[in-house]
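Secondary and tertiary structure notes
What follows is the residue order along each chain.
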Amino acid sequence: MISLNTWGGKLYEPLMRFIKNAAPGTDIFCFQELYFTREPFARAFDVEVNLAAELESLLADFTMTERLADEGAWISGLLPDRDVRMSQAIFVKTPIKIIETGGFHTYTKDAETKSRSAESRESKIELVTGNFQFAIIKNKSETYCIGNVHGVWDSGYVGVYHLL
């Protein structure tokens, strides 16, 4: 299993090369900071806004389950007219069976506005962290619960992070 923050594909070529080389020996990938869109464009603001689809194509013998951040939760105001969502995803290699998937937010809703640091407010970065995703899988006779969390990256969020 490999867990990796993709950083939105900012280092696209090395990222894709690493994943392609690691895939044959990996059963599960847990990725954070993926972007999902149905738009016909690939790059915006130095990130691959269709990275999830590109990884899904690269990892054709894996099944992807995603956990989308709240609607509009990525970089506020930069692409207001586009359908772009930040997310995370678990990729499970076939023939491992996915039994159940789900997730939850690990922060309180009122924390979104009360605890943003000045730097985050100035750069208009919306809260996209604090999302927990899980997949319950069965491989042969064994059942496992795989967790994928995109944690809190800003010291200004200390004290608002909690698990349900």
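Quick look at the side chain of Ser87 now. In this structure, Ser87 sits in strand β6 (residues 84–93). Residue Ser87 is classed as buried on the basis of its relative accessible area, which comes to 3%. Within polar-contact distance, the side chain of Ser87 engages the backbone oxygen of Arg67 at 2.5 Å. Other than its neighbours up to four places away in sequence, Ser87 contacts Gln32, Glu33, Leu34, Phe36, Glu66, Arg67, Leu68 and Ala69.

Next up on the list: helix α1 (residues 12–22). What α1 keeps buried is the set Leu15, Met16, Ile19 and Ala22. Taken end-on, α1 shows its buried residues confined to a sector of 140°, consistent with a single buried face. More than 90 degrees from the buried face of α1, the exposed residues found are Glu13, Lys20 and Asn21. Close packing links the buried residues of α1 with β1 (2–5), β2 (28–37) and α2 (51–58).

What follows concerns the confidence of the model for the protein. With 64% of its residues at a pLDDT of 70 or more, the protein shows a mean pLDDT of 77. The low-confidence segment residues 114–127, where pLDDT is below 50, has 27 contacts with residues more than four positions distant or belonging to other chains. Contacts of residues 157–164 to residues separated by more than four positions or lying in other chains number 22 contacts, the stretch itself having pLDDT below 50.

With that settled, the discussion passes to the nonpolar core. Ranked by internal contacts, the top residues of the largest apolar core, which has 18 residues, are Ile19, Phe29, Phe31, Leu34, Leu55, Leu59 and Phe91. Aside from chain neighbours lying at most four places away, what touches Phe29 is Ile2, Ile19, Ala22, Ala23, Leu59, Phe62, Ala89, Ile90 and Phe91.

The buried fraction of β6 amounts to ten of the ten residues, a majority that puts the element mostly inside the structure. Judged by which residues are buried, β6 turns out to be covered on both faces: Val84, Met86, Gln88, Ile90 and Val92 on one side and Arg85, Ser87, Ala89, Phe91 and Lys93 on the other are all buried. In this sheet, β6 lies alongside β2 in antiparallel orientation, the contact comprising nine bridges. Counted as the bridge partner of Thr37 is Val84 from β6.

Each strand in a sheet pairs with its neighbour through backbone hydrogen bonds, running either in the same direction (parallel) or in the opposite one (antiparallel). Read across the open sheet, the four strands follow the order β1-β2-β6-β5; overall the sheet is mixed. Both outer strands of the open sheet, β1 and β5 (62–68), are each paired with one neighbouring strand and no more. Averaged over all pairs of adjacent strands, the angle between their axes in this sheet comes to 30°, without regard to strand direction. Across seven bridges, the pairing between β5 and β6 is antiparallel.

A few words on the packing of α1 against α2. Their axes nearest at 11 Å, the elements α1 and α2 cross at an angle of 30°. Considering the angle they form, α1 stands roughly parallel to α2. As α1 packs across α2, the resulting crossing turns out to be right-handed. Listed contacts from α2 to Tyr12, Leu15, Met16, Ile19 and Lys20 of α1 are Leu51, Glu54, Leu55 and Leu58. Of the residues in the contact of α1 with α2, the class split is seven nonpolar, no polar and two charged.

Criteria and cut-off values
- Residues numbered from 1 in each chain as written.
- Predicted model: local features only at pLDDT ≥ 70, side-chain atom pairs only at ≥ 80, totals over all residues.
- Heavy atoms only, no water.
- Helix = DSSP H or I, 4+ residues; strand = E, 2+ residues; numbered from the N terminus.
- Buried < 20%, exposed > 50% of the residue type's maximum accessible area, 1.4 Å probe, protein only.
- Polar contact = N/O pair within 3.5 Å; in protein donor to acceptor, adjacent residues only side chain to side chain.
- Contact = heavy atoms within 4.5 Å.
- Arc of directions from axis to C-beta.
- pLDDT = per-residue confidence, 0-100.
- Core = buried A, V, L, I, M, F, W, Y, C linked by side-chain atoms within 4.5 Å.
- Pairing = 2+ DSSP bridges.
- Axes fitted to C-alpha atoms, helices over the stretch in contact; angles between N-to-C directions.
- Parallel < 35°, antiparallel > 145°, perpendicular 65-115°, else oblique.
- Left-handed = near helix turned anticlockwise from the far one by under 90°.
- Nonpolar A, V, L, I, M, F, W, Y, C, P; charged D, E, K, R; others polar.

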